[in-house]
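The primary structure of each chain is shown beneath.
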Amino acid sequence: MRIGLLECDHVDDRYTSIGGDYFDMFASLLPMTDLVRYDTINGKLPAAPDECDGWVVTGSRHSVYEDLDWIHGLGDFIAHAHDAQAPFVGI
């Protein structure tokens, strides 16, 4: 199973020695999946909801209401994923 991880933040360098970045943590939680990293906070978004079998979006120190380009782009992708009825979970 191919799961897209939509990273909306990165773990502060002070804490990565504990469990790594978000990708590392989710890879540990989902060892039997093909986890695909999308660094949304740095502008990397999937082209289409069918690129993966399902989606997980991480938490963030940012608010969904902040006027940031990456948040608007991610919001558009989430709307497309919803319209396509793609399996989706938000953390």
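See above for the structure.
Residues numbered from 1 in each chain as written. Predicted model: local features only at pLDDT ≥ 70, side-chain atom pairs only at ≥ 80, totals over all residues. Heavy atoms only, no water.

**Student:** Run through the overall build of the chain, naming residues and quoting values.
**Tutor:** Along the backbone of the chain there are three helices and four strands. Ordered by position from N to C terminus, the α and β elements of the chain give β-α-α-β-β-α-β. Here the C-alpha radius of gyration of the chain, 13 Å, is about what a compact globule of 91 residues would show, namely 12 Å. For the chain, the spread of C-alpha atoms along the principal axes amounts to about 40 × 35 × 20 Å. For the chain, the distance from the average position of its 5 positive side-chain charges to the average position of its 16 negative side-chain charges is 7 Å. (Helix = DSSP H or I, 4+ residues; strand = E, 2+ residues; numbered from the N terminus. Rg over C-alpha atoms; globule rule 2.2 N^0.38 Å. Lys, Arg positive; Asp, Glu negative; His and termini not counted. Charge placed at Lys NZ, Arg CZ, Asp CG, Glu CD.)

**Student:** Could you give an account of the pattern of salt bridges, naming the residues involved and the relevant values?
**Tutor:** Taken as a whole and assessed by the stated rule, the structure comprises five salt bridges. Close ionic contact of R14 with D12 constitutes a salt bridge, the shortest N to O distance being 3.0 Å. Linking D21 and R37 is a salt bridge whose minimum nitrogen-to-oxygen distance equals 3.7 Å. Placement of D21 in the loop between α1 (16-19) and α2 (22-29) and of R37 in strand β2 (residues 34-39) is noted, with a sequence separation of 16 residues between them. Take D21: its relative accessible area is 14%, and that puts it in the buried class. (Salt bridge = Lys/Arg side-chain N within 4 Å of Asp/Glu carboxyl O. Buried < 20%, exposed > 50% of the residue type's maximum accessible area, 1.4 Å probe, protein only.)

**Student:** Would you mind going over helix α3 (residues 69-83) in detail, with residue names and values included?
**Tutor:** For α3, spanning 15 residues, the distance from its first C-alpha to its last is 21 Å, which sits close to the expected 21 Å at 1.5 Å a residue. In the core, the buried residues of α3 are packed alongside β1 (2-7), β3 (54-57) and β4 (88-90). Just beyond α3, the residue with positive phi is Q85, at close to 55 degrees. (Expected span 1.5 Å × (residues − 1). Contact = heavy atoms within 4.5 Å.)

**Student:** Describe the environment of S60, listing the residues and the values that go with them.
**Tutor:** Along the polypeptide, S60 turns up in the loop between β3 and α3. Between the C-alpha atom of S60 and that of H10, which follows or precedes it by 50 residues, the distance is 8.0 Å. Beyond its immediate stretch of four places on either side in the chain, S60 contacts C8, D9 and W70.

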